[in-house]
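Below are the chains, spelled out letter by letter.
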Amino acid sequence: MSKEIICRNCGYQGKAKKTSKGSIWIEIVLWCCILLPGLIYSIWRLTSKYLACPKCGSKDLVPLDSPVGQKLLKEQSH
């Protein structure tokens with residue numbers, strides 16, 4: 001996503017970051033202990049990526065060029 005976003009939670013304006021659910025440390029431990037759970041966990045993490053606010057981690061993002069994004073931008077400037 002190259003568009004600018006605004007976060008409804010904290011008001012951050014800019015680019016979103018791609019985030020994965022779960023923990024890299026759990027993934028490493030599962031790979032070290034047993035092959036199959038590590039593989040399943042890795043696949044789940046790869047398929048559960050989402051865009052999040054880099055400041056607060058919220059998923060509640062709105063494109064800045066949308067009507068809702070423009071409304072939030074105006075509300076912040078007051």
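Above this text sits the structure in question.
Residues numbered from 1 in each chain as written. Predicted model: local features only at pLDDT ≥ 70, side-chain atom pairs only at ≥ 80, totals over all residues. Heavy atoms only, no water.

Moving on, we come to the packing of helix H1 (residues 24–33) against helix H2 (residues 35–47). The description of two helices packed together rests on the angle between their axes and the distance between the axes. The geometry of H1 relative to H2 is characterised by a closest axis approach of 6 Å and an angle of 150° between their N-to-C directions. As the angle between them shows, H1 and H2 are arranged roughly antiparallel. Crossing hand, H1 versus H2: left-handed. Contacts between H1 and H2 involve Ile24, Ile26, Glu27, Leu30, Trp31 and Cys33 from the former and Leu35, Pro37, Gly38, Leu39, Tyr41, Ser42 and Arg45 from the latter. (Axes fitted to C-alpha atoms, helices over the stretch in contact; angles between N-to-C directions. Helix = DSSP H or I, 4+ residues; strand = E, 2+ residues; numbered from the N terminus. Parallel < 35°, antiparallel > 145°, perpendicular 65-115°, else oblique. Left-handed = near helix turned anticlockwise from the far one by under 90°. Contact = heavy atoms within 4.5 Å.)

Nonpolar side chains tend toward joint burial in soluble globular proteins. Core analysis: the biggest nonpolar cluster contains five residues, these being Ile5, Cys7, Ala16, Cys53 and Leu61. With residues up to four places along the chain from it excluded, the contact list for leucine 61 reads Ile5, Ile6, Cys7, Ala16, Leu51, Ala52 and Cys53. (Core = buried A, V, L, I, M, F, W, Y, C linked by side-chain atoms within 4.5 Å. Buried < 20%, exposed > 50% of the residue type's maximum accessible area, 1.4 Å probe, protein only.)

Relative to the helices and strands, threonine 19 resides in strand S3 (residues 17–19). Judged by its relative accessible area of 18%, threonine 19 is buried. Beyond its immediate chain neighbours, meaning those up to four positions away, threonine 19 contacts Ser48, Lys49, Tyr50 and Ala52.

The next thing to look at is H2. In a regular helix each residue adds 1.5 Å, so 13 residues correspond to 18 Å; H2 covers 19 Å between its end C-alpha atoms and thus fits that length. Among the residues of H2, those classed as buried are Gly38, Tyr41, Ser42 and Arg45. Taken around the axis of H2, the buried residues stretch over an arc of 100°, which confines them to a single face. Exposed and facing more than 90 degrees away from the buried side of H2 are Leu36, Ile40 and Thr47. Packed against the buried residues of H2 are H1. (Expected span 1.5 Å × (residues − 1). Arc of directions from axis to C-beta.)

Any functional reading would require information beyond the geometric quantities listed.
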